[in-house]
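Chain by chain, the residues:
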Amino acid sequence: MDYEGLLELIRYRRSVRRFRSDPVPGEMVEKVLEAARHAPSAGNSQPWEFVVVEDPETKKKMSRSIVSLYKEAKRRDPTFNFKVAVQPHLFTAPVLIVICGDRRLQEAYPVLLRRNVLLRQSLAVCAYAMQLAATSLGLATAWATIQGGPPEAEVRSLLGIPDVYTVDHIMPLGYPDTEKESKDRFLRPVKQRAPFRRALQEIVHYEHYDGGKFRTDENVEEFIWSRTVTRIPSH
Ligand SMILES: Cc1cc2nc3c(=O)[nH]c(=O)nc-3n(C[C@H](O)[C@H](O)[C@H](O)COP(=O)(O)O)c2cc1C
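Rules of the game
Residues numbered from 1 in each chain as written. Predicted model: local features only at pLDDT ≥ 70, side-chain atom pairs only at ≥ 80, totals over all residues. Helix = DSSP H or I, 4+ residues; strand = E, 2+ residues; numbered from the N terminus. Rg over C-alpha atoms; globule rule 2.2 N^0.38 Å. Buried ≥ 20, exposed ≤ 12 C-beta atoms within 10 Å, placed from the backbone. Core = buried A, V, L, I, M, F, W, Y, C linked by C-beta atoms within 7 Å. Contact = placed C-beta atoms within 7 Å. Near = placed C-beta within 6 Å. Nonpolar A, V, L, I, M, F, W, Y, C, P; charged D, E, K, R; others polar. Arc of directions from axis to C-beta. Axes fitted to C-alpha atoms, helices over the stretch in contact; angles between N-to-C directions. Parallel < 35°, antiparallel > 145°, perpendicular 65-115°, else oblique. Left-handed = near helix turned anticlockwise from the far one by under 90°.

## A short note on the overall build of the protein
Part 1 of the argument: The helix and strand tally for the protein stands at 11 helices and 5 strands.
Part 2 of the argument: Relative to the 2.2 N^0.38 estimate, which gives 18 Å for 235 residues, the radius of gyration of the protein is 19 Å and therefore close to what a compact globule would have.
Part 3 of the argument: Taken over the C-alpha atoms alone, the protein extends approximately 55 × 45 × 45 Å along its principal axes.
Part 4 of the argument: A burial count over the protein gives 29% of its 235 residues as buried.

## A word on the nonpolar core
Here is a general trend for soluble globular proteins: nonpolar side chains tend to be buried in one another's company.
Part 1 of the argument: Within the largest apolar cluster, 41 residues are counted, with the highest numbers of intra-cluster contacts made by Leu96, Ile97, Val98, Ile99, Met130, Ile170 and Leu173.
Part 2 of the argument: Of all the secondary-structure elements, those providing two or more residues to this core are helix 2 (26–37), strand 1 (48–53), helix 3 (56–76), strand 2 (95–102), helix 6 (115–136) and strand 5 (165–174).
Part 3 of the argument: The element best represented in this core is helix 6, accounting for 8 residues.
Part 4 of the argument: In this view, Met130 contacts Val32, Ala35, Ala36, Ile97, Thr141 and Met171; residues no more than four positions away in its chain are not counted.

## What about the site of the ligand?
Part 1 of the argument: Taken together, 12 residues sit near the ligand, with Arg14, Ser15, Trp143, Thr145 and Ala194 positioned nearest.
Part 2 of the argument: Of the residues in the shell around the ligand, the class split is 7 nonpolar, 3 polar and 2 charged.

## Details of helix 7 (residues 150–159)
Part 1 of the argument: Pro151, Glu152, Val155 and Arg156 are the residues of helix 7 that are buried. Taken around the axis of helix 7, the buried residues stretch over an arc of 140 degrees, which confines them to a single face.
Part 2 of the argument: Buried residues along helix 7 sit against helix 3, strand 2 and strand 5.
Part 3 of the argument: Remark: Gly160 follows helix 7 within two positions and exhibits a positive phi of approximately 70 degrees.

## Here we look at the packing of helix 2 against helix 6
Part 1 of the argument: Running from N to C, helix 2 and helix 6 cross one another at 140 degrees; their axes reach a closest spacing of 8 Å. Relative to helix 6, the element helix 2 lies oblique. The hand of the helix 2/helix 6 crossing is right-handed. Contacts between helix 2 and helix 6 involve Lys31, Val32, Ala35 and Ala36 from the former and Cys126, Ala129, Met130, Leu132, Ala133 and Ala134 from the latter.

## Quick word on the environment of Lys191
Part 1 of the argument: Inspection of the secondary structure puts Lys191 in helix 9 (residues 188–193).
Part 2 of the argument: Look at Lys191 and you get partly exposed, because 18 C-beta atoms sit within 10 Å.
Part 3 of the argument: Sequence separation between Lys191 and Ser45 is 146 residues, and the spatial gap between their C-alpha atoms is 36 Å.

## Points about unusual backbone geometry
Part 1 of the argument: One non-glycine residue with positive phi stands out, namely Asn44, at about 55 degrees.
Part 2 of the argument: By secondary structure assignment, the location of Asn44 is in the loop between helix 2 and strand 1.
Part 3 of the argument: Backbone geometry places Gln46, a non-glycine residue, at a positive phi of 45 degrees.
Part 4 of the argument: The residue Gln46 is located in the loop between helix 2 and strand 1 in this model.
Part 5 of the argument: The partly exposed category is assigned to Gln46, around which 18 C-beta atoms lie within 10 Å.

See the structure below:
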């Protein structure tokens, strides 16, 4: 294991939102899940379970339900760029991995702490392990957030997932269709902005917080509109 190799993998991984239709061999899906299983979790609670969905009808129903959330969200938050955030990648991915988090495991976490957050953090770490594993296998992924809205319940009911599980994210998995992605005009700003990362000297403080690096509210606002992938002026 060497640092350069790891850094290369971390840097090479990118969210891909268009997939080729080629099926993903079962053993590759298993390898991705095997990596997820080894992720760290709060208290080693391992609150995750995964539903692997490949059936086209089920995927279509799930994707439709999820896109409906974004339509409603757009109504409530017009400046959010739903053209890039909407989840069309779910429709084309040959495999959808539904990440379920067993809320009962929160009992393992100290009462003093925000247990709900610890659960979510654990699920996020495992999702990232999946992404890195997929990248190393030449596969593509992109998070699809569904928490906080009706699709979460709909996906649960569609797949028979008991209520005790939270379903925050779905991880589509497949071979990247880079050509299709580069032609998609809605994804263009995403592709341009996503690789941007803040410089190390801006984000690291030694010994104490360096007030000289503190970003004003205006700086942050500016950053949101010029660097993030979901707040992009629509004109
Ligand atoms: C917690 C979390 C939630 C995300 N949710 C979504 C999502 O719902 N839809 C989507 O297209 N991308 C989603 N993303 C992907 C980010 O937009 C993406 O990681 C970011 O723009 C950086 O681009 P990169 O992954 O290509 O490096 C999410 C990422 C994280 C970590």
